[in-house]
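Here are the chains, one letter per residue:
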Amino acid sequence: MNSLNSEAFVLFGQHILWSDMIGNLFGLAALALGWRRSIWTWPVQFLAGLILFGAFFGHLTGSAGKQAVVMVVALYGWWQWQRGKGRGEDGHIAVRFATWRERAAMAAAAAAGTVAVALLFTAYPKLSWDPWPDAYIFVGTVVAMYAQARGMVEFWFAWLLVDLVGVPLNFANGYAFSGFVYVIYGALVLWGLRDWWLRSRQAARPTLEGAPA
């Protein structure tokens, strides 16, 4: 797996690693598939996590551990979407806005999780190069994937919040390709948010009796 951490090329003075490039390209594809509500978003996310896990394992234990959690959440998402497949009018999963209770629960979990993970990273510096923003991105990613698994429109808002920190952090720590990909994530997130938002409103609109289907 050491070859995955070798340099692929140099772009604008930034050294691009094979692991960084391949893993994030799969992550980008997974986000695009999530926008289309394709169940294949989860195997692709799992594969992205597996590639990065293999690249980090043995020398960046914290990063490898984070990818292991991402793979577990991807398996959960696959299971959820298998259960909900066909509930949407077009044969895909149905999407909706979270309830206020669900939003509060996710916000509380994100805040508590970020503090807990950041303290862990601070206590064991080898687990992370920048404990607090790294913890924020990691926990935010897990929360976003959970919301996606549940078909919640808030999934896209969570990704936007992750992007706000992810872009500068990745550039600052030499993961330039991740930084570029996060910028593209931002554009995909906006398109995906619009699509899921409109679909959720359409699904919530009551059908008048006698109206054409």
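Residues numbered from 1 in each chain as written. Predicted model: local features only at pLDDT ≥ 70, side-chain atom pairs only at ≥ 80, totals over all residues. Heavy atoms only, no water.

## Quick word on the pattern of salt bridges
For the coordinates displayed, the defined rule picks out four salt bridges. Across the salt bridge formed by D195 and R199, the nearest N and O atoms sit 3.0 Å from each other. You can see D195 and its partner R199 sitting in helix 7 (residues 176-204), four residues apart, about one turn around the helix. By relative accessible area, which is 17% here, D195 ends up buried. (Salt bridge = Lys/Arg side-chain N within 4 Å of Asp/Glu carboxyl O. Helix = DSSP H or I, 4+ residues; strand = E, 2+ residues; numbered from the N terminus. Buried < 20%, exposed > 50% of the residue type's maximum accessible area, 1.4 Å probe, protein only.)

## Things to note about helix 5 (residues 131-149)
Between its terminal C-alpha atoms helix 5 stretches 27 Å, which fits the 27 Å expected from 19 residues at 1.5 Å a residue. The buried fraction of helix 5 amounts to 14 of the 19 residues, a majority that puts the element mostly inside the structure. Just past helix 5, the residue G151 takes up positive phi, approximately 70 degrees. (Expected span 1.5 Å × (residues − 1).)

## Description of the packing of aromatic side chains
Tallying each qualifying case throughout the model produces 11 aromatic pairs. Centroid distance Y76 to Y146: 6.1 Å. Interplanar angle 10 degrees. Geometry classified as stacked. Residue Y76 is located in helix 3 (residues 61-84), and its partner Y146 is located in helix 5; the two are separated by 70 residues in the primary sequence. Judged by its relative accessible area of 26%, Y76 is partly exposed. For Y146, a relative accessible area of 35% translates into the label partly exposed. Between W156 and W196 the ring centres are 5.6 Å apart and the planes differ by 90 degrees, which places this aromatic pair in the edge-to-face class. (Phe/Tyr/Trp six-rings, centres within 6.5 Å; stacked < 30°, edge-to-face > 60°.)

Geometric descriptors of this kind do not, in isolation, establish any biological role.
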